[in-house]
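# Structural features, examined
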Amino acid sequence: MLVLTTGDWNASLYDAKHAFVFAYGSDLLELLAPHAGELILDVGCGTGHLTAAIAQSGARVVGLDRSPAMIEAARQRYPTLEWHLDDIRSFLYPQPFDAIFSNATLHWIREPEAVVERLARLLRPGGRLVLEMGGRGNVAAVCSAVEKVLQARLAIRPANPWYFPALGEYAALLEAHGFEVQAAWLFKRPTVLEDGERGLRLWLEMFGSPLLEAVPEERKEEILSAVEEQARPALFKEGHWELDYRRLRVLAHRL
Ligand code: BEZ
């Protein structure tokens, strides 16, 4: 089963097996430091756990995601909060936001200028942007294992579906769009997957299907096994997979 083959996410699998995405994100909430009365946008809210945590501060939070399954799950779980099914590149809102928050989302959009331009437009002057995404070198060992296997067995070179910028590159992009960057970090965050031996293939099914989309259905099992063997020396440790995540974290204000 590949979770993204219908073009949408499997929200319950995401919650059940990949909770580390929002568990790690709670750290980022401290940097956001939301307070009562603020209007805050959560870009790529997923199933809404961090949005709901922001709302506990008394801020009014708007959750935005372009996945119908994620927004539906968020709406069911937190029916009193405000949810929008939309793409950040075209999203508009009648009031400017005091802050914009985004965790583990913006690397999915390979048009960073369009994203940053829209973030600037949605924020009030002086408003803050707190984001975390995959940074330069993120999951490089996974990508390299997939690329080697696809090249050797199918003569396919998969296109990288993600945007993992370097710190200076992203800071310059923000500055070019009217932001002042107060702080930015690029750091390693090795990420342990659940489910022991099956962890990598479950991760690939949830997140890596754009990398594997050219693989014919009847060869998927063979390819997944070969990727596991290729990645094992670097990423399988003491009974679990530990992926080479690298995070780019940014605090910026709109001028
Ligand atoms: C990330 O959060 O860094 C990530 C998640 C899925 C695929 C690639 C990167």
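Thresholds, definitions, all that
- Residues numbered from 1 in each chain as written.
- Predicted model: local features only at pLDDT ≥ 70, side-chain atom pairs only at ≥ 80, totals over all residues.
- Heavy atoms only, no water.
- Phe/Tyr/Trp six-rings, centres within 6.5 Å; stacked < 30°, edge-to-face > 60°.
- Helix = DSSP H or I, 4+ residues; strand = E, 2+ residues; numbered from the N terminus.
- Buried < 20%, exposed > 50% of the residue type's maximum accessible area, 1.4 Å probe, protein only.
- Pairing = 2+ DSSP bridges.
- Right-handed = clockwise from strand over helix to strand, strands pointing away.

Below, the discussion takes up the packing of aromatic side chains. Inspection of every chain in the model, using the stated rule, returns nine aromatic pairs. Pairing Trp108 with Trp162 gives two aromatic rings, centres 5.8 Å apart and planes at 80°, and the pair type is edge-to-face. With a gap of 54 residues between them, Trp108 in the loop between strand S4 (97-103) and helix H5 (112-122) and Trp162 in the loop between helix H6 (140-154) and helix H7 (167-176) connect regions that are remote in the sequence. Exposure remark for Trp162: the relative accessible area of 4% places this residue in the buried category. In textbook terms, an aromatic cluster arises when at least three aromatic residues are bridged by ring pairs, as seen for Trp108, Trp162, Phe164, Trp203 and Phe207.

An order of S7-S9-S8 is seen for the three strands of this open sheet, with the pairing classed as antiparallel. Each of the sheet's edge strands pairs with one partner strand only, and the pair in question is strand S7 (191-192) and strand S8 (236-237). In this structure, S8 lies alongside strand S9 (residues 240-243), joined through two bridges in antiparallel fashion. Each bridged residue has a counterpart across the sheet, and for Phe236 the counterpart in S9 is Trp241.

Along a regular strand, successive side chains alternate from one face of the sheet to the other. The pairing of strand S2 (residues 60-65) with strand S3 (residues 82-85) spans four bridges and is classified as parallel. The partner of Gly63 across the bridge, within S3, is Trp83. A crossover links S2 with its parallel partner S3, the connecting element being helix H4 (residues 68-77), and its sense is right-handed.

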